[in-house]
Structures are given as C-alpha cells and as structure tokens.
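Structure at a glance
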Amino acid sequence: MADMIGIILAAGKGTRMKSKLPKALHPICGKPMTRYVIDACKESGIETVVVVIGHGADQVREGLGDDVRYAVQEEQLGTGHACKEALLEIDADEGNVIVATGDTPLLAADVLRSLAENHVSSGSAATVLTAILDDAGHYGRIIRADDGSVRAIIEAKDCTPEQRAVREMNSGIYCFSLPLLRKYLDEIKPANAQGEYYLTDVIGLMVANGHKVSALVSDDTDIVLGINHRVDLAHLTSIVRQRILERLMLDGVTIIDPSSTYPDYDVQVGRDTVIYPMTVLEKGCRIGEGCIIGPSTRLVNVELGNEVTVLSSTIVDSTVGDGTRIGPFANIRPGCRIGRDVKIGDFVEAKNSEIGDSVSMAHLSYVGDSTVGERANIGAGTITCNYDGRTKNRTVIGKNAFIGSNSTLVAPVEIGDGAYVAAASAITENAPPDSLAIARSRQTVKEGWAKRRREERG
Ligand code: UD1
Ligand code: CA
C-alpha cells in the first residue's frame, strides 16, 4: 500500500452539526473524527495522505496534525469538486487512489487493504465500499443492473421511490484508477437536488464509458457509518467507546459497569485495576496495576502508579505515586506531583504542587504553588495563601513538618524540616527547622463568667 495515495474529504462545514467547531474536529473519545480516518489510512500502509480542508481550514490543519498534506477547497461545491482540488496536489498520473470521507471514523485499516486488493485484482476503474442496511436513510444508494453489476450511485435526495427502497448504501469510501478519476471528474455536472458536483456521479460516467466498476460489500455494517449530526456523533462515539472498553477488559482491567465508564482512545490501564461506575478517563491517562478508580471520578491526562485509590475525585494534568489514596471529594488541579503512600482526603484542593511521599492531608485543605516534604502532616483547614492579589507565591513545607489545623500560611513562606505550626496560626514569617511557630492571640479565660451570666438573668 506504500504507493497508494489516500484522499480524505473534510472541507465541509458540517451544517447539520450546528456547531462553531468544524465537523472534522468534533472529538470522538478524545480524538478528532477525521483523525480516525487519517490513522486508518496510515495504518493500512498508505504513506501519502491528502486531506481536503476548507471550512475553518487553519483550525482544522492545526487540529489534525502535520503528518499529512493538505489541499484547500475555498468554496465547498461538492465532494467531486473537493476530490478535484486534492488531485491538483498530486503529481502522479498512474496507479490508484483511495478516496474516503472525513466523517466515517470507524473505517479500519484492514478494510482499506481489502478494498485496494479487490480493486487491483478485479482490474476495476472504481471499487466502492458498500453495506446493506435495514434502511439506507440519507446515504447514497448503489444502483445495480439485472446482472448485479454496479450502474450508478444516486443520492437519497435524488432517488425515485423505487431507488430509495434500495438497502445497499454508499460508504463514501472508494478505490479509483487515478487517471480515470482525473478524466471523469472533469465531466461531472452539478445537475442534482443540491446543485453540487457529486463524486458519486463519476461512477455512472465510468460505467457509461464501458469501464468496470465493482463494489465490495462490507459484512460489518458499523465501519461504513458516517456522521452528519450530533445524533450520529453520539451513536458512533458509543461504538468507539465500547471498543476501547473491550480492549481494556481483555487486557485485564475490571470494569464494573462498561455502560457508565468513559475512557478516551489513548488511555492505558494496568492489570487488576478496578474501575467503578461513573468514571471518566480523558486523553493521556496512564494508570498502573491494582488501582481502584471511582465511583464518580474524572481523570484527565493523569499518570497513576500501582495500587492507587481514587474515590469520587477529579485529577487533571498531574502524577500520583504508588499506594497513594485520594478522595472522596478531592480536586487535584494541573501541575501536581504527588508521591507514594500519600493520603489526600475529603475536600482537599491542590494545584501546581509537589507533595512528598507519605504526606497526610486528610481533610479540608488548599495547597497551591507549594512544596510539601516527605511525611509532613497537613492539618484540617490548612490554607496556603498563594495569591497576594498580583502574583502567585510559593509555600515550602519541610520534611516531617506538622501544620496544625486551621492554619493559614501566607506565601512566600517556608516551614523548616520537622517544624511545628500551632493550630489556627496565621504564618507570615519563616519557621526554622525543628521550631514551633505560634501566630495567634493568646486565649483569655474568665473564671465563673458563664455562671454569673446565668444567675444575672435569673
Ligand atoms: C456522501 C456521499 C453519499 C454517501 C455518504 C457516506 C456524495 C455526493 N455523497 O454524502 O453517497 O452515502 O457520503 O457517508 O459524495 N466535503 C468536502 N467538500 C465539499 C463537500 C463535502 O470536502 O464541497 C466533504 C465533507 O467535509 C465530508 C465528506 O466530504 O467529510 C462528505 O460530505 P457530506 O456532505 O457529508 O456528504 P453526504 O451527504 O454524507
Ligand atoms: Ca456525510
């Protein structure tokens, strides 16, 4: 497949999506839909892939990556016109080309390979990938002659009632002889319900001119499905998600309820990890072995070691060491490096902080822009005051330090190794190692005051 060229049509606005985001970039389990099509082409061995972009071209180019070539279709005059724009970018004048629509993300590499093999071995001018659906809906219909040969593809909007009843649909994925595609694309006319240059009309023209056109009927009726609106998007996302879940389960991960577990395409999870319901694992997550994740947990681009427990919590762009327990109800924001055997309990928020091994911050704390040394104990209600209204400042808490409950540490400030901060202190100055810092007014006790008050009232 190395000498095969791939063309992917993705210039359309995707009007039916009703979105500001170009359709090509709508993500499915964390990956833009058209990127799935590119990946299938690449995996099949196609080296040269030309993606036709137009609507939101700069954004689409940025979102799809720079390992493909781009052709720009300034005005979206139809799939035939888009294909012509791609051919302008291609010098070759012989051989074959695969053309795919950018909105069929379930397409797989092995299907592309068998499409190409069929095309070459049958000596066809064009080979169309088709499938038989119960109702071919909005898809183009494959019109065959009495002898079974393909005669034409007619768009649903242009079908007669009899044609509309045909169940064989056009997937929008084809293999063409490159020179013949060039030749017949010059001859198509926008004489149809939508006033567009249809790529599908090339099929009828080839047949009319005596060329052989074949169809490869896919047994798998999912891989040919396209996305035109958000109902399709949700449907195809559920199929992709099911495949990811199956991959994880076959790799040794227990997923208590696959129907309420949402992993993105690239997540990695180690063996014997158990994932409880309502867990979302977004792009970039790498989770070790023997972890317990969820219920009700969201992890985004997080690296977890082994035997980590995360319960009802959110962690974003952070790393967590082996044996650490987080939650319930912790919010770990970007930039945290959390060590091993750490305990982070309920209503703890951390941001851009290094938390050393065996630290305990069991309840109700905010730790931002901080370094917390090994085995430090952060009492309930500890707040690092990292923002002075203008800039963010760092708090450094030494190893084995003990921060008494309800203390505020006004950054920049440093608590030395082994130092104690008395409960309810407002710390504004550094505390040296092994010291005790007390920063609160002394308690006054008025003996007998309450009794006197009761007696006064009678
Ligand atoms: C197309 C096919 C239809 C097939 C279906 C499969 C045509 C005329 N129809 O219909 O037979 O069953 O796909 O999913 O080809 N595009 C451009 N430039 C344009 C117009 C479209 O690049 O000027 C791109 C779109 O971004 C999209 C793809 O081509 O990725 C298909 O266009 P779309 O409008 O979705 O075609 P369908 O109506 O789905
Ligand atoms: Ca479509």
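Residues numbered from 1 in each chain as written. Chains lettered and ligands numbered in written order. Predicted model: local features only at pLDDT ≥ 70, side-chain atom pairs only at ≥ 80, totals over all residues. Heavy atoms only, no water.

1. Topic: the pattern of salt bridges
Counted by the stated rule, this structure contains 17 salt bridges. Between E374 and R375 there is a salt bridge whose closest N-O contact spans 3.2 Å. Owing to a relative accessible area of 30%, E374 belongs among the partly exposed residues under this scheme. Classification of R375 by relative accessible area gives partly exposed; the value is 45%. Among the ionic contacts, a cluster of salt bridges with common partners joins K31, R35, D39, K42 and D67. (Salt bridge = Lys/Arg side-chain N within 4 Å of Asp/Glu carboxyl O. Buried < 20%, exposed > 50% of the residue type's maximum accessible area, 1.4 Å probe, protein only.)

2. Brief notes about the nonpolar core
Counting residues in hydrophobic clusters, the biggest one holds 95 residues, and the most contacted among them are V51, L299 and I415. Tallying contributions element by element places helix α8 (residues 230-250) first for this core, with 7 residues. A82, I90, I142 and V150 belong to the second-largest nonpolar core, a separate cluster that totals 34 residues. (Core = buried A, V, L, I, M, F, W, Y, C linked by side-chain atoms within 4.5 Å. Helix = DSSP H or I, 4+ residues; strand = E, 2+ residues; numbered from the N terminus.)

3. As for the sheet that holds strand β28 (residues 354-355)
Reading across from one edge, β14-β17-β20-β23-β26-β28-β30-β33-β36 is the order of the 9 strands in this open sheet, with parallel pairing throughout. Both outer strands of the open sheet, β14 (268-269) and β36 (413-415), are each paired with one neighbouring strand and no more. As judged from the 2 bridges shared by strand β20 (residues 303-304) and strand β23 (residues 319-320), these two strands associate in the parallel manner. Paired with E303 across the two strands is T319, which belongs to β23. (Pairing = 2+ DSSP bridges.)

4. What to know about the environment of N352
For N352, the location among the structural elements is in the loop between β27 (343-351) and β28. In sequence terms N352 and N377 are 25 residues apart; their C-alpha atoms lie 19 Å from each other. Those residues in contact with N352, other than ones at most four positions away along the chain, are R333, P334, G335, C336, D369, S370 and R394. A polar atom in the side chain of N352 sits 2.7 Å from the side chain of D369. (Contact = heavy atoms within 4.5 Å. Polar contact = N/O pair within 3.5 Å; in protein donor to acceptor, adjacent residues only side chain to side chain.)

5. As for the site of ligand 1
As a structural note, the neighbourhood of ligand 1 is formed by 24 residues, with Q73, G78, T79, E155 and N170 the closest of them. A11 is positioned with one of its backbone polar atoms (N or O) 2.8 Å from an oxygen atom of ligand 1. Within the backbone of G102, one N or O atom sits 3.4 Å away from an oxygen atom of ligand 1. For ligand 1, the cavity whose grid points lie within 2 Å of the majority of its atoms is the largest pocket. For the shell around ligand 1, the elements supplying multiple residues, two or more each, are α3 (79-88) and β10 (168-177). The biggest single contributor to the shell around ligand 1 is β10, with 3 residues. Within the shell around ligand 1, the residues separate by chemical class into 7 nonpolar, 13 polar and 4 charged. (Near = heavy atom within 4 Å. 1 Å grid on protein atoms, 1.4 Å probe; cavity = no way out; pocket = protein on both sides within 12 Å on 5 of 7 lines; lining within 4 Å. Sits in = over half its atoms within 2 Å of the grid points. Nonpolar A, V, L, I, M, F, W, Y, C, P; charged D, E, K, R; others polar.)

Limitation: the analysis is restricted to geometry and does not speak to function.
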